[in-house]
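Listed here are the chains, written in short residue letters.
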Amino acid sequence: MFDEILDQGAAAMQWDLRITVAVGLLSILVLTRVVTSIRSNLALRRSSDGKTPPIMPYALPGIGNMLAFAFDTKSLLSTIIDQFGPNIPVRIRVLNIKLNFISGSESVLAIFRGSRDLTTAPAATLVLENAFGCPASVRHVFDRDNTGILTQPLEGSNPLEPHNRFFSLSHRSLHRHLSGTGLNELASRFMSCLETELAALDIGHEEWTTIPDFYDLIKQTVFKASTTALCGPTLFALNPDFTDDFWEFDTHITKLFKNLPRWMIPKSFQVREKLKASMMKWHKHAEEKFDKNDEALQNLEWEELYGAKLMRARYEDLMGIDGFNEEAYAAADLGMIWGANANIVPIIGWSMIDTLVRPKLLSQAREEISSLTDPSPKGAIGLNMPKLLASPLLQSIYSEELRLRNGVIIQRVPIVDNFKIGNWKFPKGDMIITSSWHEQRDRSVWNEGPVNGEVHSVEDFWAERFLVYPNDPNSGPAKPGRDVKSKVKPAVEDVAGDAGNQPKFTIDSVTGSYIPYGGGQKICPGRFYAKQEAIGAMAMFLTMFDIELEKNDLPKPNMEYFPFGVVPPLGTFPARMRRRKL
């Protein structure tokens with residue numbers, strides 16, 4: 001009896017202890033939530049200039065908003081916008097890191113206009129190391145370079161020799177070779193390579209050919225064409241599995257971006273190391289075979305060893321940096337190839353699929369392409385790219401896909417004390433972020449209709465969203481009646497020369513809200529090439545083939561890729577294809 005009483009007493013004490021611990025933990029969570037909510041409200045009520053942004057309330061001390069930010073970023077940012085509204089920056093705490101999330105076109109334009117006081121170097125360094133495997137042994141190359149991206153080093157920065165300014169060298173070579181002659185050569189080379197890839201497909205003129213996954217066909221052909229145009233055919237000759245290895249790597253990229261340890265994602269590290277080895281094999285071969293004493297060869301915009309002159313310039317720049325090595329160079333070029341394909345290939349896929357599932361749009365697109373194509377010669381040469389690039393409809397389709405599918409977090413870090421946006425100040429070194437996904441879905445900015453009696457949600461694809469009809473004041477990308485400080489530029493006659501009520505393409509009325517390329521001094525240098533790839537590839541596919549998808553269901557996005565760039569379509573897309581008789 002006595003033993004039973006003791007046992008019951010001990011059990012009761014254990015149960016009471018559990019309750020006490022549970023209540024104590026719950027009290028800590030509630031108290032933390034209450035305190036952070038009060039601090040947030042106090043920050044919002046301050047009226048002084050140079051205010052500190054309010055914090056996003058949280059319940060886990062020491063953890064902050066980390067779980068929501070890491071595993072449901074989109075919902076967290078949506079909640080912040082709903083709770084605080086646009087143009088009010090909000091601090092997000094992720095462990096001991098403070099991120100300042102901004103929204104609203106005024107705030108976005110402020111960071112673009114303040115480019116000289118902001119840097120992307122910390123984010124670029126993390127991406128190179130975490131995603132592409134740049135070795136930690138060269139981190140000092142990035143850490144010592146606080147000189148900025150312009151020719152003139154920033155005042156007060158480290159006294160680096162010009163050949164050691166990694167970020168300036170990278171910025172200069174990209175902008176120099178992705179414009180003018182270099183851009184023209186790269187774009188025409190891409191179209192020629194894509195035509196070669198499509199011509200090699202085992203698809204005839206008479207019988208339909210079953211395609212297990214049309215999007216996979218786009219990935220295979222466009223990647224091979226784009227990377228051959230950029231890097232030359234030698235890369236693939238030395239590494240026959242490079243295309244398959246790349247797309248397998250792409251399925252792992254989100255895990256690498258999140259910096260998960262090797263023991264958790266061994267396959268991700270394995271496929272990345274294989275790609276880096278392929279890059280080093282190509283680099284070694286190109287360096288051994290390229291004749292640096294051949295002046296004519298040096299002046300070529302493209303040759304088979306390095307491909308585009310841009311890649312040759314990158315070799316000279318990067319390998320000339322003190323402390324840089326072959327592995328770092330391979331990681332940097334892997335990042336270059338990923339950046340050149342991981343966004344534009346899904347955009348081409350979306351453009352094709354969204355057009356194919358809409359018979360009326362497919363007919364319009366084909367008619368537009370046909371009217372702007374020279375009857376002779378045939379193939380890529382017959383596609384009049386200047387006219388296609390000026391087509392209002394094709395530009396609108398491309399821009400709408402970028403608006404709807406681009407989900408990237410744009411990052412900037414102040415390099416000056418107390419950088420300001422409006423009345424809000426941001427400490428030096430604290431990261432500022434904004435979301436293209438959310439800005440490009442802001443219902444207070446974007447036109448959702450009705451246009452011609454039809455409503456077009458910001459969540460849906462609308463091919464004509466970026467078209468302004470002179471006789472319809474409700475058309476165009478911006479919400480009718482919205483107060484826009486920058487007026488839309490006067491419409492220019494379309495390529496057919498018909499003034500009438502022909503639509504004009506514009507993005508001017510949504511400046512600061514349409515940000516697929518970022519902005520400011522760090523705006524994407526490949527944006528002009530990407531546009532030529534997207535419109536050119538769509539024109540070539542629709543010119544060369546009849547394509548029918550097995551299902552005409554509207555595709556859904558694969559949100560696993562958010563917020564690391566363009567979100568690809570989810571699933572497979574069985575189809576049948578037949579060559580068109582040109």
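Refer to the structure printed above.
Keep in mind that this is a model prediction, so the values were computed, not measured. (Residues numbered from 1 in each chain as written. Predicted model: local features only at pLDDT ≥ 70, side-chain atom pairs only at ≥ 80, totals over all residues. Heavy atoms only, no water.)

With respect to the overall build of the protein
Of the regular secondary structure elements, the protein holds 21 helices and 15 strands. Relative to its length of 582 residues, the protein is compact, with a C-alpha radius of gyration of 27 Å against a globular reference of 25 Å. Out of the 582 residues in the protein, the part that is buried amounts to 51%. Considering only intrachain contacts with a sequence separation of at least 6, the fraction spanning at least 24 residues in the protein is 72%. (Helix = DSSP H or I, 4+ residues; strand = E, 2+ residues; numbered from the N terminus. Rg over C-alpha atoms; globule rule 2.2 N^0.38 Å. Buried < 20%, exposed > 50% of the residue type's maximum accessible area, 1.4 Å probe, protein only. Contact = heavy atoms within 4.5 Å.)

Observations concerning the nonpolar core
By size, the foremost hydrophobic cluster in this structure holds 123 residues, and its most contacted members are Phe214, Met352 and Phe541. It is helix α21 (residues 527-544) that provides the largest number of residues to this core, a total of 11 residues. Ignoring any residue separated from it by four or fewer positions in sequence, one finds phenylalanine 541 in contact with Leu198, Phe214, Leu217, Ile218, Thr221, Val222, Met352 and Ile547. (Core = buried A, V, L, I, M, F, W, Y, C linked by side-chain atoms within 4.5 Å.)

Quick notes on the state of the cysteines
Counting across every chain of the model gives zero disulfides. Take cysteine 193: it sits in no disulfide, and the sulfur closest to it among the cysteines is that of cysteine 231, at 11 Å. Under the relative-accessibility criterion, cysteine 231 is labelled buried at 0%. (Disulfide = S-S within 2.5 Å.)

A word on helix α7 (residues 166-177)
Taking 1.5 Å as the rise per residue, α7 with 12 residues should run 16 Å; its terminal C-alpha atoms sit 17 Å apart, in good agreement. Phe166, Phe167, Ser168, Leu169, Ser170, His171, Ser173, Leu174 and His177 are the residues of α7 that are buried. Check the buried side of α7 and you find it contacts α5 (121-130), α6 (139-143), α8 (180-199), α14 (309-318) and α15 (326-341). (Expected span 1.5 Å × (residues − 1).)

Describing α15
Taking 1.5 Å per residue, 16 residues should reach 22 Å; α15 reaches 23 Å between its end C-alpha atoms and fits that length. Across the 16 residues that make up α15, a large majority, 12, are buried. Residues of α15 that are buried include every one of Ala328, Tyr329, Ala330, Ala331, Ala332, Asp333, Leu334, Gly335, Met336, Ile337, Trp338 and Asn341, and no others.

Some details on the pairing of strand β2 (residues 97-101)
The pairing of strand β1 (residues 90-94) with β2 spans five bridges and is antiparallel. Each bridged residue has a counterpart across the sheet, and for isoleucine 92 the counterpart in β2 is leucine 99. Linkage of β1 to β2, two consecutive antiparallel strands, is achieved through a turn of two residues, within which leucine 95 is found at a positive phi near 55 degrees. In the sheet, β2 pairs with strand β10 (residues 431-435) via three bridges, with the strands oriented parallel. Each bridged residue has a counterpart across the sheet, and for phenylalanine 101 the counterpart in β10 is isoleucine 433. (Pairing = 2+ DSSP bridges.)

Description of the side chain of serine 115
Relative to the assigned elements, serine 115 resides in the loop between α4 (105-113) and β3 (118-119). From its side chain, serine 115 meets the backbone nitrogen of glutamine 521 in a polar contact 3.1 Å long. Setting aside anything within four residues of it in sequence, one finds serine 115 in contact with Gly519, Gly520, Gln521 and Lys522. (Polar contact = N/O pair within 3.5 Å; in protein donor to acceptor, adjacent residues only side chain to side chain.)

A look at the sheet that holds strand β4 (residues 209-211)
Taking strand neighbours across the sheet as the criterion, the three strands line up as β4-β15-β13 in an open arrangement whose pairing is antiparallel. Only two strands of the sheet have a single partner each, and these edge strands are β4 and β13 (545-549). Put simply, the sheet's adjacent strands are angled 25 degrees from each other on average, direction ignored. Packing against the sheet, α21 makes contact with β13 and β15 (575-579), and its axis sits at approximately 95 degrees to β13. (Axes fitted to C-alpha atoms, helices over the stretch in contact; angles between N-to-C directions.)

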